[in-house]
Amino acid sequence: MAASIAYVGGHLQYGVNFCRGKGYRQAVWVPGVTFNGRLQRELSWSCGVSKSLQTHRCNFSQSQASENWKSFRTVTTSAYLRDGSTKYFDFAVIGSGVAGLRYALEVAKHGTVAVITKAEPHESNTNYAQGGVSAVLCPSDSVESHMQDTIVAGAYLCDEETVKVVCTEGPDRIRELIAMGASFDHGEDGNLHLAREGGHSHHRIVHAADMTGREIERALLEAVVNDPNIAVFKHHFAIDLLTYQDGPDTVCHGADVLNTEAQEVVRFISKVTLLASGGAGHIYPSTTNPPVATGDGMAMAHRAQAVISNMEFVQFHPTALADEGLPTKPKKTRENAFLITEAVRGDGGILYNLSMERFMPLYDERAELAPRDVVARSIDDQLKKRNEKYVLLNISHKPREKILSHFPNIATECLQHGLDITRQPIPVVPAAHYMCGGVRAGLQGETNVHGLYVAGEVACTGLHGANRLASNSLLEALVFARRAVQPSIDHMKSSSLDLTTSNLWTRPVVLKSLGTDVTHKMLRTTKEVRKELQSVMWKYVGIVRSTTRLQAAEQKIGELEAKWETYLFEHGWQETMVSLEACEMRNLFCCAKLVVNSALARHESRGLHYTIDFPHLEESKRLPTVIFPGSHMMSTWSSRQLH
């Protein structure tokens, strides 16, 4: 299947074409590209989705659906309806980070909400966000300045309308958090203490020491737990979105979910679904993301025919703690790298190589305050030239009390391993951190799949362009979670849904019948394949790339995926079987391929995508990469919906 974008009556609209037997267009530059025989006209990011998508309602038997839904809504005024392994809600939210929780609290005023979360509710990228939230809250700062910083950091690939919306609405979103009980640091004057980070021209980072995400998550979770209209389903892993074709439109009505504690599949039927499932850091061997960040939302959306954009822009945080350089090494390998926040450099931290030579001024006039992509590449270059494993970040020249008050979490973590950051430099190394690409969204978080909205890292709104500005991620999540509320409510109120809808899709089955030995071998093999995929991604699709290496990655990933799937099916695996490990693996494969395909399509170096074959910016290439659904990537088990 392929989606094309064309002007219709002065408005851009999505048209969906089924291209059986036709070639797959992996990634295209939207303007001036012939796609399936049609010429694509230039469009702004926001117009491409937000201003053009007309919400088409799904049409079941109207009389039957109307009567069934009336009775359903009566039941759900106080609770959700159970039907064996099926649950019905007005809104299904997949993910429990800042985007999912903030959205849930608003739509819960208008209907029942299921928050589906893969592990414990607090286990999200939000909880690991140290630095803070950027917003214009100082009289000397301005929205225009924040916009300019965002666009410069994004290598001029940002959508200007999106940037304006986020920078303008950001301050109100911060005030809402404070009103809900979030506690941020204040200065001696009683005002919010505003920090400065790399790429920012002003002090505008609202923070709670170096644990800002944790504080925001605490406040939101507390409100969610006390809301009678919200049910939280922890240890529930989303397998696939439930979609079907209504004429030319793809419609979403919930998701199949694996209860990983009870080992049973639960079907969530909803009128509206919000994907807020975070990123895909674990396609790489070292990432600051928690273990849950395996690209589930991006992969599910791609399999559900959603448009994906800008997946080549993977942000490597320049400064993750390098365990190799600690006086006392951790006793076991970390599941995720420990982040050393951008704010350390913003507060005056200086980067040195192991000979204690400061190197950032050699690469950029902004030195340590350059955007993350510049700093990460500079560190990478130093490591390769000097054949070293890490560099040093020194903040010890600052007053001890200031260091401990601003970075208590970092100080505690390092001290546990014999390093006092008030006296010694911190060993750091880049690690996969944030996906600037994702599911293409309009100004209200809407996608080309009707009834499906996205917010947070899983979304590609156009804000970040080719590189995210520090502390803009939590801001984007807050703004788009809020903007998605009203269209979601409108969609919910005008949608009709037959209670027998649950029978439209084949149900996945949990892996139980293959025997203990076979199951253990499958899980062991899957774990090995996962490590091999991560190794390929780091070696061939890392901070510095080349066409040859990307092509090698494409081939190796394809062969590895085919080998893994063949192994499963030869040992009794069935198309509809599920396990947490296998489903994560298929999502990792899907996201890895999306990244590689996007990277191969961009014949320039911009922001986070740097290739030695096209080392310069090309103005003609200053366009988003767009991946439309197609038959080629749907040919493997990992790339197909299970139902």
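The model shown is predicted, which means the values in this text are computed figures rather than measured ones.

J.: Before we move on, could you go through helix α7 (residues 212–225) and cite the residues and values that matter?
T.: Here α7 spans 20 Å end to end across 14 residues, near enough to the 20 Å set by a 1.5 Å rise per residue. If you check which residues of α7 are buried, you get T212, G213, E215, I216, E217, A219, L220, L221 and V224.

J.: Break down the pairing of strand β13 (residues 236–246) for me, citing the residues and quoting the values.
T.: Summarising burial for β13: nine of the 11 residues are buried, a large majority. Pairing of β13 with strand β14 (residues 249–259) involves nine bridges; the strand directions are antiparallel. Across the sheet, F237 pairs through a bridge with L258, a residue of β14. The antiparallel pairing of β13 with β14 creates a hairpin that spans two residues between the two strands, and G247 there sits at a positive phi of about 65°.

J.: Account for the packing of helix α3 (residues 98–107) against α7, with residues named and values stated.
T.: Between α3 and α7, the least distance of the axes is 10 Å, while the angle of their chain directions is 35°. When you trace α3 past α7, the crossing you get is left-handed. Listed contacts from α7 to V98, L101, R102 and L105 of α3 are I216, E217, L220, L221, A223 and V224. Its residues placed into classes, the contact of α3 with α7 shows eight nonpolar, no polar and two charged.

J.: Describe the sheet that holds strand β11 (residues 205–206), naming the residues involved and giving the relevant values.
T.: An order of β9-β11-β10 is seen for the three strands of this open sheet, with the pairing classed as antiparallel. At either margin of the open sheet sits one strand with a lone partner, and together these are β9 (133–134) and β10 (194–195). Two strands pair when backbone bridges link them, and β9 and β11 are joined in this way by two bridges, in the antiparallel orientation. Bridging from a neighbouring strand, V133 pairs with V206 of β11.

J.: Any details on the pattern of salt bridges? Residues and values, ideally.
T.: Opposite charge on two side chains permits pairing when their charged atoms draw close. Going through the model one piece at a time under the given rule, you end up with 38 salt bridges. In this structure, the salt-bridge partner of R218 is E215, at a minimum N-O distance of 2.8 Å. With R218 and E215 both in helix α7 and three residues apart, the pair spans about one turn of that helix. Look at E215 and you get buried, because its relative accessible area is 15%. Among the salt bridges present, the one from E619 reaches R622, with a minimum N-O distance of 3.0 Å. Each of the salt bridges in this network shares a partner with another, and the network as a whole consists of R102, E106, K109, E169, R173, E176, R482 and R483.

J.: Describe unusual backbone geometry, with residues and values.
T.: One non-glycine residue, A155, adopts positive backbone phi at about 55°. Its location among the elements puts A155 in the loop between α5 (143–153) and α6 (160–179). We note that Q305 has phi near 80°; this positive angle belongs to a residue other than glycine. In this fold, Q305 is placed in the loop between α8 (296–303) and β16 (308–309). By relative accessible area, which is 17% here, Q305 ends up buried.

J.: Give me the sheet that holds strand β20 (residues 426–435): which residues, what numbers.
T.: Strand order in this open sheet of four strands is β17-β20-β19-β18, and the pairing throughout is antiparallel. The open sheet has two free edges, formed respectively by β17 (314–321) and β18 (350–352), since each of these has just one partner strand. Looking at each pair of strands side by side, their axes are set apart by 45° on average, direction ignored. Both β17 and β20 contribute to a ladder of six bridges, which runs antiparallel. By the bridge assignment, V314 is partnered in β20 with M435.

J.: How would you summarise the nonpolar core if you had to cite specific residues and measurements?
T.: Ranked by internal contacts, the top residues of the largest apolar core, which has 78 residues, are L241, L275, Y284, L533, M537, V541 and V595. Once residues within four sequence positions are removed from consideration, L275 is found in contact with I94, L241, G297, M300, A301, L452, Y453, V454, A455 and V458. In this structure, M147, V224, I230 and L474 belong to the second largest nonpolar core, which totals 52 residues.

J.: I'd like to hear about the packing of aromatic side chains, residue by residue, with values.
T.: Applying the stated criterion across every chain yields a total of 12 aromatic pairs. With a centroid separation of 5.7 Å and an interplanar angle of 55°, the aromatic rings of F316 and W538 are classed as tilted. With F316 in strand β17 and W538 in helix α16 (residues 516–540), this residue pair connects regions lying 222 residues apart in the sequence. With 6.0 Å between their ring centres and 50° between their planes, W564 and W637 make a pair best called tilted. Taken as a pair, W564 in helix α17 (residues 547–570) and W637 in the segment after β28 (625–627) lie far apart in primary sequence, 73 residues in all. The same class applies to W564 as to W637, namely buried. Each member of the aromatic cluster is reached from another via a ring pair, and the members are W564, F569, W573, F589 and W637. Above the plane of the ring of Y434 lies R468, whose end atom (NZ or CZ) is 4.3 Å from the centre.

J.: Break down the pairing of strand β15 (residues 264–275) for me, citing the residues and quoting the values.
T.: Within β15, 11 of the 12 residues are buried, which leaves it mostly tucked inside the rest of the structure. Sheet analysis places strand β7 (residues 86–94) next to β15, joined by eight bridges and oriented parallel. Considered in β15, the bridge of A92 is made with T273. In terms of strand pairing, β14 meets β15 through six bridges, oriented antiparallel. Across the sheet, residue D256 finds its bridge partner in β15, namely R267. Where β14 folds back onto β15 in an antiparallel hairpin, the turn is made up of four residues, including Q263, whose phi is positive at roughly 55°. Looking at chain direction, β15 and strand β22 (residues 452–454) are connected through three bridges and run parallel. In the strand pairing of β22, T273 is matched with L452.

J.: Provide a residue-level description of the packing of α5 against α6, including the pertinent values.
T.: Angle between the axes and distance between the axes are the two parameters that describe a pair of packed helices. Interhelical geometry of α5 versus α6 gives an angle of 130° and a closest axis separation of 9 Å. It follows that α5 is oblique to α6 by the angle criterion. The chirality of how α5 crosses α6 is right-handed. Only E160, V163, K164, C167 and T168 of α6 make contact with α5, whose side of the interface consists of V143, H146, M147, T150 and I151. Considered class by class, the residues forming the contact of α5 with α6 number five nonpolar, three polar and two charged.

J.: Lay out helix α13 (residues 408–415) with the relevant residues and their values.
T.: Buried within α13 we find N409, I410, A411, E413 and C414. At its buried positions, α13 is contacted by α7, β17, α9 (342–346), α12 (400–406) and β20.

J.: So what's going on with the side chain of R372? Which residues, and what values?
T.: With respect to the helices and strands, R372 occurs in helix α11 (residues 372–386). You can call R372 buried: its relative accessible area is 6%. Discounting chain neighbours no more than four positions away, the residues touching R372 are Q315, F316, H317, P318, E342, H433, N467, R468, A470 and S471.

How each quantity is defined
Residues numbered from 1 in each chain as written. Predicted model: local features only at pLDDT ≥ 70, side-chain atom pairs only at ≥ 80, totals over all residues. Heavy atoms only, no water. Helix = DSSP H or I, 4+ residues; strand = E, 2+ residues; numbered from the N terminus. Expected span 1.5 Å × (residues − 1). Buried < 20%, exposed > 50% of the residue type's maximum accessible area, 1.4 Å probe, protein only. Pairing = 2+ DSSP bridges. Axes fitted to C-alpha atoms, helices over the stretch in contact; angles between N-to-C directions. Left-handed = near helix turned anticlockwise from the far one by under 90°. Contact = heavy atoms within 4.5 Å. Nonpolar A, V, L, I, M, F, W, Y, C, P; charged D, E, K, R; others polar. Salt bridge = Lys/Arg side-chain N within 4 Å of Asp/Glu carboxyl O. Core = buried A, V, L, I, M, F, W, Y, C linked by side-chain atoms within 4.5 Å. Phe/Tyr/Trp six-rings, centres within 6.5 Å; stacked < 30°, edge-to-face > 60°. Lys NZ or Arg CZ within 6 Å of the ring centre and 35° of its normal. Parallel < 35°, antiparallel > 145°, perpendicular 65-115°, else oblique.

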